[in-house]
Amino acid sequence: MPDISTNPDSLDIFTKDFFDTLFKGNDTCDNTDLKSQIDALKQAALDQELTTPIIALFSKLKTLQETKKLSPEAFGLSASDLTALALKHETIDEHNVSVGGRVCKALPIVKEAISRVDEYLSVKTEQAPSGFELWDTILETQDKIKSYLKMTDQDWNSYSGQISHCIDTVEDLSKVIDLPEKVIQEVAHVTQNYRMRLTPYYASLIQAAAANDPVLLQSVPTGEMVDNVGIEIPPVAADHSPARLIDQFYPRVVTIKATNMCAMYCTHCLRLAHIGKKDRIYTEQAYEEALDYIRENDRIRDILITGGDAFVLPNKILKKILTALDEIDHVKMKRLGTRIPVTAPQRVDNELLDILAQSNDRKPVRVVTQINTAQEMTPLSGDAFKRISKNVFAVLNQAVLLKGINDTKVKMWKLCETIQENYVRPYYLFNCSYRNPQFTHFRVPVEKGRDIIESMYGNISGDAIPRYIATAGGKIPLHRSNVEGAANGDIILKKPWNGEVVHYPDADQDIYANEKFAFMKP
Ligand SMILES: *Cc1c(COP(=O)(O)O)cnc(C)c1O
Ligand code: SF4
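Residues numbered from 1 in each chain as written. Chains lettered and ligands numbered in written order. Predicted model: local features only at pLDDT ≥ 70, side-chain atom pairs only at ≥ 80, totals over all residues. Heavy atoms only, no water.

K.L.:
Whenever I open this one, helix α2 (residues 32–47) confuses me. Can you help?
P.N.:
In an α-helix there are 3.6 residues to a turn, and that puts residues three or four apart on one side. Helix length check: α2, at 16 residues, gives a terminal C-alpha distance of 22 Å against a target of 22 Å (1.5 Å per residue), a fit within 8%. Considered for burial, the residues of α2 that qualify are L34, I38 and A45. Buried residues along α2 cover an arc of 30 degrees about the axis, so they all sit on one side. Opposite the buried face of α2, by more than 90 degrees, sit the exposed residues T32, D33 and D47. For α2, the secondary structure elements touched by its buried residues are α3 (52–68) and α4 (79–92). Between the side-chain oxygen at the start of α2 and the backbone nitrogen of D33 there is a gap of 3.1 Å, and the oxygen is on N31. (Helix = DSSP H or I, 4+ residues; strand = E, 2+ residues; numbered from the N terminus. Expected span 1.5 Å × (residues − 1). Buried < 20%, exposed > 50% of the residue type's maximum accessible area, 1.4 Å probe, protein only. Arc of directions from axis to C-beta. Contact = heavy atoms within 4.5 Å. Polar contact = N/O pair within 3.5 Å; in protein donor to acceptor, adjacent residues only side chain to side chain.)

Structural data, given as structure tokens:
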């Protein structure tokens, strides 16, 4: 019987190839330091019932062969010594991974993969700071804003306090943020036509020092909004509203625009026309007519309560609408569209959470939010999302791709990672719509967005990658195809993260067409 522990035939192909190269070197070495290093590694590999010391020895030998052309024999290690260690490694490893597989394949692949995120990791804090990273500065700004607006702690910490101290005039804005005179005049001019409203909390996220701060850009209208107004495209509701408060593109999902109010008005708002110039309270009849439309259309299974911002609705109304929807048999699930956890997280009180939990108990509730930069995710909004996520089926994010705000790889990765770490799952990334000429200046070419989204595959968790969408009378996917073609029954695919082309054997068409299979075989 051959001694299997040193039988080189039992080595796998990776290890055999590895050994072939290893032994192609000089078999003498007079560097005593190196010799004692190898001795120590060898002893550890022999003494311990662990994989790590064996891999450490083989990795060192690989490096010495590659850099100094030294064979293991230079250190008194024979092929059979190494075979014994390689087989010991395979025996210890639960999945019988070989030394050759680990040292020559897996470790270099991991090294290459790691290098793909090096740049991101080194610049992400500087180029795309999160509200967590900026929290100390934000707290300082909060103190200033509090005193300018004469807000008590109680005002600051309550939703009603945030709303009643909203910054909606250029006078207030210029008190709380350092803006050049020219900008102040421009904003004064634009706000004659466009409404501006920031909660003091959202204003505190602005890093005054940074030009074109992404939070500032999202909340304070600039001259472009007036300059860009050309041919008005009718608002979505004009041709997509089959009933009062309802928008419908799809057979089974509809939206109820339950309010026209938001805690903060976005400069890139798709619903600009509908949000209108002033807050409106909708009547009970309006909600009833919308609900009647849903009651009478039994194909509808998923209701999206939006606005405006669904969380602007008083708890009582929210509860009423959710209860009414839960009582309709064919309605199976609900969504609430809200930015309030980032614009006024103080709103997320226990009463609201109870309403969500109760409705979620009956039929799934998802909360769909909009976060466009990591800067908007602070300890406060993170806490709000954590509490919401404990009470609903899912918390999803719909971001808008916006020039200067999140149109780089680093900013988008950071956004997606930061929100995911705070219980929010990236769902959609919208290419900023052509529909409102007011925000033409924010638009980013479709291709640029594709590059950004493609760069995420393989580099961050799959469930942190949003779907890239164009809104044009419904949501149309914009992803780039990674199918390059087909040849001899193979589909030719490209790996998005490194461009490597792989042949993927497709299912056999004839086998697939055979209906008499498995338990139905004749
Ligand atoms: C976004 C939207 C929906 C929901 O679309 P999903 O792809 O299901 O998220 C439904 N109706 C209208 C009018 C919408 O704007
Ligand atoms: S929260 Fe939504 S609806 Fe409200 S202004 Fe912003 S984008 Fe428009």
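K.L.:
What am I meant to see in unusual backbone geometry here?
P.N.:
Trans is the common state for peptide bonds, and a negative phi is the common state for residues other than glycine. With an omega dihedral of 10 degrees, the bond running from G307 to G308 counts as a cis peptide bond. Take G308: it is sitting in the loop between β3 (302–306) and α17 (315–326). Of note, the phi angle at K69 is positive, near 55 degrees, even though the residue is not glycine. Tracing the backbone shows K69 in the loop between α3 and α4. Positioned with a positive phi, L245 is a non-glycine residue whose angle comes to about 70 degrees. Turning to its location among the elements, L245 is positioned in the loop between α14 (236–240) and β1 (246–248).

K.L.:
I would appreciate a short explanation of the pairing of strand β4 (residues 333–337) in the present structure.
P.N.:
Of all five residues that make up β4, five are buried, and the element is covered over most of its length. Going residue by residue along β4, you find M333, R335 and G337 tucked away on one face and K334 and L336 tucked away on the opposite face as well. Sheet topology note: the β3/β4 ladder contains four bridges and is parallel. Of the residues in β4, the one forming a bridge with I305 is L336. Running through α17, the crossover from β3 to the neighbouring parallel element β4 is right-handed. The sheet contact formed by β4 and strand β5 (residues 365–369) spans four bridges and is parallel. By the bridge assignment for β5, G337 is matched with V368. (Pairing = 2+ DSSP bridges. Right-handed = clockwise from strand over helix to strand, strands pointing away.)

K.L.:
Looking at this model, I keep getting lost on the packing of aromatic side chains. Mind explaining?
P.N.:
Note on aromatic pairs: each is described by the distance of the centres and the angle between the planes. Tallied over the full model, the rule gives nine aromatic pairs. Arranged with centres 5.8 Å apart and planes meeting at 75 degrees, the rings of F249 and Y250 form a pair that is edge-to-face. For Y250, a relative accessible area of 31% gives the class partly exposed. Each member of the aromatic cluster is reached from another via a ring pair, and the members are F18, F19, F23 and F58. (Phe/Tyr/Trp six-rings, centres within 6.5 Å; stacked < 30°, edge-to-face > 60°.)

K.L.:
Explain the site of ligand 2 to me, please; I cannot follow it from the model alone.
P.N.:
Every residue near ligand 2 is listed here: C262, M264, Y265, C266, C269, I275, G308, R339 and Q370. Classifying every residue of the shell around ligand 2 by side-chain character gives six nonpolar, two polar and one charged. (Near = heavy atom within 4 Å. Nonpolar A, V, L, I, M, F, W, Y, C, P; charged D, E, K, R; others polar.)

K.L.:
What am I meant to see in the pattern of salt bridges here?
P.N.:
When the charged atoms of two side chains with opposite charge come close together, those side chains can pair. Under the criterion given, the structure shown has 27 salt bridges. Close ionic contact of D279 with R197 constitutes a salt bridge, the shortest N to O distance being 3.3 Å. Residue D279 is found in the loop between α15 (272–275) and α16 (284–296), and its partner R197 is found in the loop between α10 (181–190) and α11 (200–204); the two are separated by 82 residues along the sequence. A salt bridge links R480 to D451, with the shortest nitrogen-to-oxygen separation between them at 2.6 Å. (Salt bridge = Lys/Arg side-chain N within 4 Å of Asp/Glu carboxyl O.)

K.L.:
Mind showing me how you'd approach the domain arrangement of the protein here?
P.N.:
Accessible area lost on assembly of the parts is the figure often given for the size of an interface. By domain assignment, the protein separates into domain 1 (8–114), domain 2 (135–227), domain 3 (238–477) and domain 4 (483–513). Look at where the C-alpha atoms of domain 1 and domain 4 centre, and you get two points 36 Å apart. (Domains from an automatic or database assignment.)

K.L.:
What is the right way to look at the pairing of strand β10 (residues 483–487) in this model?
P.N.:
Working note: regular strand, side chains alternate between the two faces of the sheet. Examined bridge by bridge, β10 and strand β11 (residues 490–494) share four bridges and lie antiparallel to one another. Each residue of the ladder has a partner; that of G485, found in β11, is I492. If you look at the hairpin formed by β10 and β11, you'll find two residues sitting between the two strands, and N488 has a positive phi there, around 50 degrees.

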